[in-house]
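# Structural features, examined
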Amino acid sequence: MENLPPRVCPFEGDASTTEPGPMTRVTLHGGQEVWAASRHADVRAVLTDPAFSADRANPNFPFLGTRRVQQDNGLKPALLTMDPPEHGPARRMVLGEFTVKRLAALGPRIQQIVDDHVDAMLASQDRTADLVPALALPVPSLVICELLGVPYTDHDFFQSRSRTLISRLSTPEQVKAAADDLREYMDKLVTEKEAAPTDDLVGRQIVKRRAEGVEDHDALVSLAVLLLIAGHETTANMISLGALALLRHPDQLAELRADPTKTLGAVDELLREFTITEFVTSRVAVRDTVVGGVAVKAGEGVLTLGNAANHDPDVFENPHQLDIHRGGRNHIAFGYGAHQCIGQNLARVELRIVFDTLFRRVPTLRVTVPVSELSFKDDAAVYGLHSLPVGW
């Protein structure tokens with residue numbers, strides 16, 4: 001069985017992004033010297049220590065590549081980049097939209113969306129498809145659009161801008177233009193909903209914030225942009241990577257087909273295995289502290305290698321083997337601490353429904369090209385596949 005290609009290392013030298021070890025000083029390709037935290041305990045320590053900041057406006061924040069996302073794009077800080085005391089109230093304001101109960105109510109609609117796209121895929125005359133545009137990308141895009149109240153007919157627009165924002169190859173000018181486009185788009189949408197609130201996340205947030213006397217148009221625009229990007233890019237990449245992984249482990253896939261109650265455990269194992277947003281949780285120290293026995297000074301950045309942490313043999317036995325029976329949710333694919341991904345329950349629901357439906361309805365599904373010919377997103381902040389040719 002072919003191995004998946006290694007990810008591109010974001011820093012100079014021979015240090016690995018998949019093998020955990022002590023805190024290490026590394027130089028990013030842009031020239032910035034930072035700490036690299038790769039052990040599971042060290043990464044979790046960084047993500048819970050108030051000495052570290054998520055503020056990307058900090059000049060010492062560890063950005064990958066040679067460019068820095070400009071802070072003058074008109075967007076207010078969103079959840080991802082907030083520190084206390086602003087972060088807690090802002091997160092609690094929207095947390096009710098992602099409860100297990102509310103997301104369970106979305107289950108039938110998500111199932112319908114998945115079935116519709118599998119129907120369209122199976123209508124192919126030559127019994128082939130590219131799983132990324134056929135299923136992996138449109139399903140979470142439709143779900144997040146309906147949740148937010150964003151017209152799905154605009155998906156080409158926001159998906160192209162999202163790709164620019166998360167690509168490490170984008171220039172600062174391209175990043176700013178993409179951010180400006182998304183801000184202007186969402187500014188118009190929020191303005192329309194302020195005039196006549198709709199029964200969707202953005203509309204309900206308008207009503208709630210007005211009732212509590214904390215209405216802030218620009219803050220809601222920033223939140224909506226963040227949720228739109230994160231809500232489709234992450235889950236879309238996990239669908240394609242997860243399908244590939246399960247097809248390459250037919251014995252474990254057979255177990256899921258025979259007993260769908262095992263799918264949620266398999267979803268968490270796939271999340272651990274791929275850790276597609278491993279650098280989003282990087283931080284910068286705002287005061288002196290100690291991590292893993294190493295002194296980190298105020299102003300020093302820390303690159304958190306989540307993929308390495310999720311393959312730490314001190315925490316996960318045989319970490320490089322996919323094991324749907326591993327159990328537990330102690331991986332950090334969704335981050336850890338106060339900034340743990342607010343949409344993790346939604347992602348789990350979508351992934352469970354997609355995998356259960358796809359492999360039940362297309363039992364002979366197979367990848368039609370060697371792994372060596374697949375194109376992986378090594379140039380993006382969110383790891384994934386550009387395409388996944390399949391047949392049945």
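Structure report, in brief. Since we're looking at a predicted model, the values are computed, not measured.

Across its full length, the protein chain holds 13 helices and 10 strands. Whereas a compact globule of 392 residues would reach a radius of gyration of roughly 21 Å, the protein chain reaches 21 Å, a difference of no more than 12%. Projecting the C-alpha coordinates of the protein chain onto the three principal axes gives extents of approximately 60 × 55 × 40 Å. Expressed as a percentage of its 392 residues, the buried residues of the protein chain come to 51%. Contacts in the protein chain between residues at least 24 apart in sequence constitute 72% of all its contacts with a sequence separation of at least 6. About 16800 Å² of surface is accessible on the protein chain, with carbon and sulfur atoms providing 53% of the total. The distance from the centre of the 40 positive side-chain charges to the centre of the 52 negative ones in the protein chain is 4 Å.

Turning our eyes to something else, we now look at the pairing of strand E2 (residues 33-37). Summarising burial for E2: four of the five residues are buried, a large majority. For strand E1 (residues 24-27) and E2, the ladder comprises four bridges, and the chain directions are antiparallel. Bridging across to E2, Thr27 finds its partner in Glu33. The loop that links E1 with its antiparallel partner E2 comprises five residues; one of these, Gly31, has a positive phi angle of about 105 degrees. Pairing between E2 and strand E8 (residues 301-304): three bridges, direction parallel. Paired with Ala37 across the bridge in E8 is Thr304.

This paragraph deals with the packing of helix H7 (residues 172-195) against helix H9 (residues 217-247). With their axes 9 Å apart at the nearest point, H7 and H9 run at an angle of 120 degrees to one another. With respect to each other, H7 and H9 are oriented oblique. Crossing geometry of H7 relative to H9 is assigned as right-handed. From H7, Leu182, Arg183, Met186, Asp187, Val190, Thr191 and Glu194 reach across to H9, where they touch His217, Leu220, Val221, Ala224, Val225, Leu228 and Ile229. Of the residues that constitute the contact of H7 with H9, the class distribution is nine nonpolar, two polar and three charged.

Of note, Arg257 is situated in helix H10 (residues 250-258). The exposure class of Arg257 is partly exposed, given its relative accessible area of 35%. With 108 residues separating them in the primary sequence, Arg257 and Gly149 have C-alpha atoms 34 Å apart. Residues contacting Arg257, with those up to four places away along its chain left out, are Phe359, Val362 and Pro363. From its side chain, Arg257 meets the backbone oxygen of Pro363 in a polar contact 3.0 Å long.

Right, let's talk about the sheet that holds strand E9 (residues 366-367) for a bit. Taken in spatial order, the three strands make up an open sheet running E4-E10-E9, and their pairing is antiparallel. The open sheet terminates on both sides in strands that have one partner only, identified here as strand E4 (128-130) and E9. The pairing of E9 with strand E10 (residues 389-391) spans two bridges and is antiparallel. Looking at the pairing, Arg366 lines up with Gly391 of E10.

Our focus in this paragraph is the side chain of Asp42. Tracing the sequence through the fold places Asp42 in helix H1 (residues 40-48). With relative accessibility at 5%, the residue Asp42 sits in the buried group. When neighbours within four sequence positions are excluded, Asp42 is seen to be in contact with Gly21, Met23, Ala37, Val291 and Gly292.

Here we come to the packing of aromatic side chains. The description of an aromatic ring pair rests on the distance of the ring centres and on the angle between the ring planes. Under the counting rule described, the total for this entry stands at four aromatic pairs. Positioned above the aromatic ring of Trp35, the side-chain terminus of Arg25 is 5.1 Å from the ring centre. Just above the ring of Phe316 sits the side chain of Arg272; from NZ or CZ to the centre is 5.4 Å.

Where helix H5 (residues 138-148) meets helix H13 (residues 344-361), the closest approach of the two axes is 11 Å, and the angle between their N-to-C directions is 140 degrees. Taken together, H5 and H13 sit at an angle that is classed as oblique. Our pair here, H5 against H13, has a crossing hand that is right-handed. Contacts from Val139, Pro140, Val143 and Leu147 of H5 reach H13 at Leu346, Glu350 and Val354.

Here the focus is the pattern of salt bridges. In the structure shown here, the tally under the stated rule is 21 salt bridges. Taking the shortest distance from any N to any O, the salt bridge between Glu97 and Arg204 comes out at 2.8 Å. Taken together, the residues span a long stretch of sequence, with Glu97 in the loop between helix H2 (87-95) and helix H3 (100-122) and Arg204 in helix H8 (residues 201-211) at a distance of 107 residues. Residues joined in a network through salt bridges with shared partners are Glu97, Arg102, Asp199 and Arg204.

Definitions and limits used
- Residues numbered from 1 in each chain as written.
- Predicted model: local features only at pLDDT ≥ 70, side-chain atom pairs only at ≥ 80, totals over all residues.
- Heavy atoms only, no water.
- Helix = DSSP H or I, 4+ residues; strand = E, 2+ residues; numbered from the N terminus.
- Rg over C-alpha atoms; globule rule 2.2 N^0.38 Å.
- Buried < 20%, exposed > 50% of the residue type's maximum accessible area, 1.4 Å probe, protein only.
- Contact = heavy atoms within 4.5 Å.
- Areas by Shrake-Rupley, 256 points an atom, 1.4 Å probe, with all protein chains shown as cover.
- Lys, Arg positive; Asp, Glu negative; His and termini not counted.
- Charge placed at Lys NZ, Arg CZ, Asp CG, Glu CD.
- Pairing = 2+ DSSP bridges.
- Axes fitted to C-alpha atoms, helices over the stretch in contact; angles between N-to-C directions.
- Parallel < 35°, antiparallel > 145°, perpendicular 65-115°, else oblique.
- Left-handed = near helix turned anticlockwise from the far one by under 90°.
- Nonpolar A, V, L, I, M, F, W, Y, C, P; charged D, E, K, R; others polar.
- Polar contact = N/O pair within 3.5 Å; in protein donor to acceptor, adjacent residues only side chain to side chain.
- Phe/Tyr/Trp six-rings, centres within 6.5 Å; stacked < 30°, edge-to-face > 60°.
- Lys NZ or Arg CZ within 6 Å of the ring centre and 35° of its normal.
- Salt bridge = Lys/Arg side-chain N within 4 Å of Asp/Glu carboxyl O.

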